[in-house]
Amino acid sequence: MFAQLPQKDRFAIYILGVLALFGVTFVGGQRLRRPAPIVFESPSPSGAVPVVIAPAKELVVDVAGAVKKPGVVHLPSGSRVEDAIKAVGGSSEKADLSQINQAAALNDGVQVYVRFKDDSLNKGEVASPYRGGEVAKKPSSRAEKKAPSGKVSLNSASSADLQSLPGVGPATAEKILTYRKEHGQFRSIDELLAVKGIGDKKLEKMRPFLKL
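In this text, all values refer to a predicted model and were calculated from it rather than measured experimentally.

Basis of the calculations
Residues numbered from 1 in each chain as written. Predicted model: local features only at pLDDT ≥ 70, side-chain atom pairs only at ≥ 80, totals over all residues. Heavy atoms only, no water. Helix = DSSP H or I, 4+ residues; strand = E, 2+ residues; numbered from the N terminus. Expected span 1.5 Å × (residues − 1). Buried < 20%, exposed > 50% of the residue type's maximum accessible area, 1.4 Å probe, protein only. Arc of directions from axis to C-beta. Contact = heavy atoms within 4.5 Å. Core = buried A, V, L, I, M, F, W, Y, C linked by side-chain atoms within 4.5 Å.

(A) Molecular detail of helix α5 (residues 170-183). Over its 14 residues, α5 runs 20 Å from end to end, which matches the ideal 20 Å to within 8%, given 1.5 Å per residue. The set of residues buried in α5 consists of T172, A173, I176, Y179 and R180. The buried residues of α5 occupy an angular sector of 125 degrees when the element is viewed end-on, so they sit on one face. Every exposed residue of α5 that faces more than 90 degrees away from the buried side is listed here: K181 and E182.

Structure, rendered in structure tokens:
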């Protein structure tokens, strides 16, 4: 029957067939390239329930204190205090890393504060590697410390006595006691300059409250 049609009609039918075949092939290819949505099956009798997987959350953390490049850093979710310190170039030579837990997990919007060796904790204060939400300031225990009621003797003072002096924390007090043990009694207040960590400015703050 097809052979009995005029040549012009047969050619038209042939063209329509080719176009129909091309259309089917194109649509099929599009469906093959389009990935089907992933559906996690629910154990409940109600059937399949689509589950939305949230993308990894970015943590924005402010790093301050005794670090090389203090500032705000962006870290992946699950980062630790150690990661935040590394992100700012690491801790400085004046840092006392023993006062913080570097393995502590980070929360978004906190400030990691790396304490200096001369920082001292107030009575009842717990050393925390970071503070949530609020803008944290460098501990001001030295600035807010009450001046000694009398002068502190360099040659008989205990660690607690020395820590009552302005600018002196546990680390500095220990260095003074170690120096006194190794070199004997101080012969002058200026000899404190031989103790590592005590410079002219710190000594001038301490001088009014010292005696031999």
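(B) Fine view of the environment of K68. Within the fold, K68 resides in the loop between β1 (58-65) and β2 (71-76). Its relative accessible area of 57% is what places K68 among the exposed residues. Residues K68 and A87, 19 residues apart in the sequence, show an inter-C-alpha distance of 9.9 Å. Filtering out sequence-adjacent residues up to four positions away, K68 remains in contact with V88, G89, G90, S91 and S92.

(C) Layout of the nonpolar core. Among the nonpolar cores identified, the biggest contains 21 residues, and V61, V63, V81, L106, V112 and V114 are the most heavily contacted of them. For this core, the elements supplying multiple residues, two or more each, are β1, β2, α2 (81-87) and β3 (111-114). Sort the elements by how many residues they give to this core and β1 lands first, with four residues.

In short, geometric facts, not functional conclusions.
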